[in-house]
Structure formats: structure tokens, C-alpha cells
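Fold and geometry: a report
Residue-level listing of the chains:
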Amino acid sequence: MIRGYFEDDLGRRRPFVKIWLELPAQSVSGEVDFLIDTGAESTILGFVDMLVLRIDPRGLPAGPRSLGIGGRTATLRADATLVLGDRTLSIALRILAPRVRRQQQALMTFPSLLGNDVLRHFALVIEERTDRVLLLEPAEADALPLP
Amino acid sequence: MNSLAERAETRLLAVIGRYAAGEAEVVHAYFAQEHSQEENFDVLLRQMGRELQTSQWLHRAVLMNEQLEDTVDRHRFVDFLEQIADEVKHYALLADLAEWVVGRKLTRAEATRYQVYAIYDPALPEEHLRHPELPEATRMVLFIREAHAQHGPEFAHAVLRLSEGGGGGAFVAASEVSGDEFRDRLAVAMQAIVKDEMGHGPGRVRAFARDSVTDEATLERAETLLAAYMLQHLRLRNEIWRHPLSDERIAAIGRGEIAPMTLTVPPNGSDERATPPATLNGESAARVADRQADHDRREADRRYMREHWDELLARYPDRIVAIYNQQVVAAAKDPKRFVAQLERKEIPPGKVYAKFLSTSDDELIVLTIDRG
């Protein structure tokens, strides 16, 4: 079971989970707070987190463009390892790569997103009432008395 | 003049020899006094709790089995299982003796009363790292945690492994007691434990001196850390044996006022028995501890930002703000300037907690779809 948390942001409570991220090709690693986003097809590293990890975008291939409310943004692609508790997942991480200053400014508030490429490995429990943000392993989910 | 490696080996073995003698003195002091069977029983329960700690690694063994030949090396798996088996065997020897002392079967509550987790494992819940009845054992875990943070997990872990079993002095001393039936039975049990335990720590010294001691400063650091660790281990051993040595005597041993014990070192000078992997991916415990240290610091920094949100927002509106060790270390509107500030302060990549402090209350809707 991976335990996340609710982050209060201007009265809004959003579910996050902390994940250790490694990009072997860039010898970069660090903990990142990911917003759990079942609407995201892929896990995406936000712009501020890219700066914090000091990822050099010049060495990375282009990824698919990302489409959301507000428009399209270019992304980069990097092979990454995510460590969640005892589990390690290898994914093709998308990294937001806004090119123009205005787009960079707009994406500063945009957090890193934990998308369905990772979430599909877990059962998700998000309940504000009890302050629970849980990613359950399949065996843990199977043990629940659910219909 | 001796080489650096030879001097390092001599000095580190001298530290282990001094504290091994101290641990032997704890046992001698205990048996210098008469004790009731209740007191003997209590000492056995305390030592059993120490030996039983590896049973908490079993869940990892099950998971390692699931990844055998995939991410888990078979020989590492064997070493790991053997280490668990050794320690549980020691527990069983002492538990058998404890049952003889009280003349009945032990309850689970008795058998596990003093169970502790002897190494710092960030993967375990906080409550497993503390024991209300064993303050010195708890301090030892905290000491290890601080040593990892201060010296780096790799170095701290390597140094602390040199002192496994506190040099073995207590086991040797207990294996030599005699005079009544309890002592004779204890000696037999301890002889079996000595056979398994002796040489593990000292056996690693030569390789450590050769591979890890690169200069005088490193030797100084290793010697100081080893001595501090073994001093705390001596206090812990004193706690197991119901405090037969005074604080003053322990301090005197720390100052070297004791004849060192002659150590048993394996003929090849090395002991490569595996340490418990802290994760299932073949990672070292040190790496995991490193991650945990990062996590703890970032979490404190996140809390700091949350608790000081209003004043930070007023001071750094619409800027990216980075917190490190609960201090603002970078704040800028421009991404390049933000990174430059971090680099100027020599903060390694990925270590800060950072957020853009927005003055707008735009709603965030983050549906994203990849477009090829």
C-alpha cells in the first residue's frame, strides 16, 4: 500500500503522492510530489519539478504533444524509474517542455501528474472524509469486501 | 612506515577490541553478583528480543522469492535466509533456556516483550524503531539514523558493520561462565552463538581499510564514528544485562581505561555475509536510507512552506520558491534565474521542495491526452 496525502491549496484539497524518480540517462534522481490524475493518460513531470531536478532538455527526444484544457504543449520523453514503496516501475516519462516564456509562466502552477500508465497498476482509494489517499496493490484490493 | 591501509586496520581493530572487552565486562559484572531466577529470566528475554529482530525480515524474504532470478540474485537470497536462520536459531537456544528457568512454556507476550529492530530501516513504521522499555536500544537506532544523515549512508553503513555484535565480547564472556546449572546451560547456548557470531565485524576491517580509507581524514572520521557507535552499543549491552556497569565505568571504558580484548579474525580477513536488503530490487540499505533522508527533509520543507504560506506569498508573489532545510534558498520569476540561484548555493539537483506561489486563484483542471 502506498499512502498519499491531501494538499490544501487555496481551500481546494487535491490528492498527491510522493514518488522517488530516477532518470538514469541524466543521472538525475529525487523525490517528486505527483498529483493523482485519472484523467491523464501518461505520467507527466511538471515544469517546476524539471527545474528542481535540473533536467537538461537538450539531450532528450521529443515526446507526443500534450493536449488539455487550455491547449497543447510540447513534451520531452525520458526513460524513468519510479520507486513506490517496494515496487519499482519503468515508464516513458513525459516532461513538459514549454518553449515560449508565456507558456512557461502559465505552466508554473501545473504540478507533476501521476497518470494512468502508473495508476493502472494499483487500486485507488481517495476519500476526503477520512483523509485517505491510498494506492493499493492488487492483492490488497482483492481482499476488500467490494461487490 | 606502515601503509595507510595497515594503520587503518590496526586502529579500527583497536577500537573494536576495546569495546569488545567492555561488553565482556558487562557480563562479568552481572555474574559477579547473585541474581534471582526472575532476573536471569529477564536478561534472557532481553537478549532474545535482540536475536528475534531478523524474523521481521521474513516478509522481505517472501517478496525476494517472488523476484528470484529476476531482480534478486540467488546467492544473495541464500545469504539472506541463512542470516535470518542463524539469528532465529540463537533466539530459540535462549528461549529454550528461558523456559527451563521458569519451568513452563513461554507465552508469546513474554517471548516478544523486548523485540527490537536493531538496524535503522526507513521502510519500517516509526513505532518499530522505538521500544519504551529499552531507551538505549532506541537511542542506538536513532544514532544510526543520524550517522547516515551526517556521514552519508554508504560510509556510515560500512563503518557500523565493522562493529557487528559489539565485537562479540559479551557472547565470549557468557560462553565461559560456570558455577551453577543456569550458568552451565547459558554457557552451552552461548558457545553455539559465539561460533556463529565471532569474526563477523573484525573480519570486515581489512577490506574496509583497503577500499574505503583513502586518506588520514577519512581514517579519523571512521575511527571516531566507530568509537561513538560502539560506546552506544556498550550502553545497549549494559541495558540487556540490567545495568551492572555504572555510567562512570562506561565513560572510563570510552576513554580507553580497559585492556582490549584479543579479537578473532577469519583467516582470509574478510566476511562477506550479506546484510539485509532494505528493498527487493537489490538496492543497498544505504541507498534506501539516503532516499529516506531526502524524504524526511523534503517533508519538513513542505510543512514549512505550508505553515508560512501567507508570509511567503506576500514576500515572493508569482515566483518559484525553493525551500531547503526549512529556509528559502531560491525565489525567482525567471526559470533560469531560479536554477542559477540553486547552483550558486551548491544545492544538488532534486533536493529542494519548490512551488510557484501564484497570486491568482485560477481553477486547475488537468485532463491531459497525448497527441502523437
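Computed from a predicted model, the values in this text were never measured in an experiment.

So, about the overall build of chain B. When you go through chain B residue by residue, the secondary structure sums to 15 helices and four strands. Going through the 372 residues of chain B one by one, you find that 54% of them count as buried. The long-range fraction of contacts in chain B, counting pairs at least 24 apart against all pairs at least 6 apart in sequence, stands at 74%. When the accessible surface of chain B is summed, it comes to about 17400 Å², and 49% of that surface belongs to carbon and sulfur atoms.

The pLDDT averaged across chain A works out to 85; a share of 93% of its residues lies at or above 70. The lowest-confidence element of chain A is strand β6 (residues 65-68) of chain A, averaging 64 in pLDDT; the highest-confidence one is strand β10 (residues 112-114) of chain A, averaging 94.

Take the nonpolar core next. In this structure, Met48(B), Leu186(B) and Trp241(B) are the most contacted members of the largest nonpolar core, which totals 75 residues. In terms of residues, this core owes the most to one element, helix α1 (residues 4-31) of chain B, which gives 15 residues. Discounting chain neighbours no more than four positions away, the residues touching Leu186(B) are Phe31(B), Leu44(B), Leu97(B), Ala174(B), Val177(B) and Trp241(B). Ranked by size, the runner-up nonpolar core spans 48 residues in total, among them Val32(A), Ile36(A), Val48(A) and Leu89(A).

Here the focus is the packing of helix α3 (residues 58-66) of chain B against helix α4 (residues 74-102) of chain B. Residue and element names in this part refer to chain B. In the contact formed by α3 and α4, the axes pass within 11 Å of each other and the chain directions differ by 155°. When the axis of α3 is compared with that of α4, the two are roughly antiparallel. Between α3 and α4 the crossing geometry is left-handed. Here α3 contributes Leu58, Arg60, Ala61, Met64 and Asn65 to the contact with α4, which in turn contributes Phe77, Phe80, Leu81 and Ile84.

Here is what the cut-offs are and how they apply
- Residues numbered from 1 in each chain as written.
- Chains lettered and ligands numbered in written order.
- Predicted model: local features only at pLDDT ≥ 70, side-chain atom pairs only at ≥ 80, totals over all residues.
- Heavy atoms only, no water.
- Helix = DSSP H or I, 4+ residues; strand = E, 2+ residues; numbered from the N terminus.
- Buried < 20%, exposed > 50% of the residue type's maximum accessible area, 1.4 Å probe, protein only.
- Contact = heavy atoms within 4.5 Å.
- Areas by Shrake-Rupley, 256 points an atom, 1.4 Å probe, with all protein chains shown as cover.
- pLDDT = per-residue confidence, 0-100.
- Core = buried A, V, L, I, M, F, W, Y, C linked by side-chain atoms within 4.5 Å.
- Axes fitted to C-alpha atoms, helices over the stretch in contact; angles between N-to-C directions.
- Parallel < 35°, antiparallel > 145°, perpendicular 65-115°, else oblique.
- Left-handed = near helix turned anticlockwise from the far one by under 90°.

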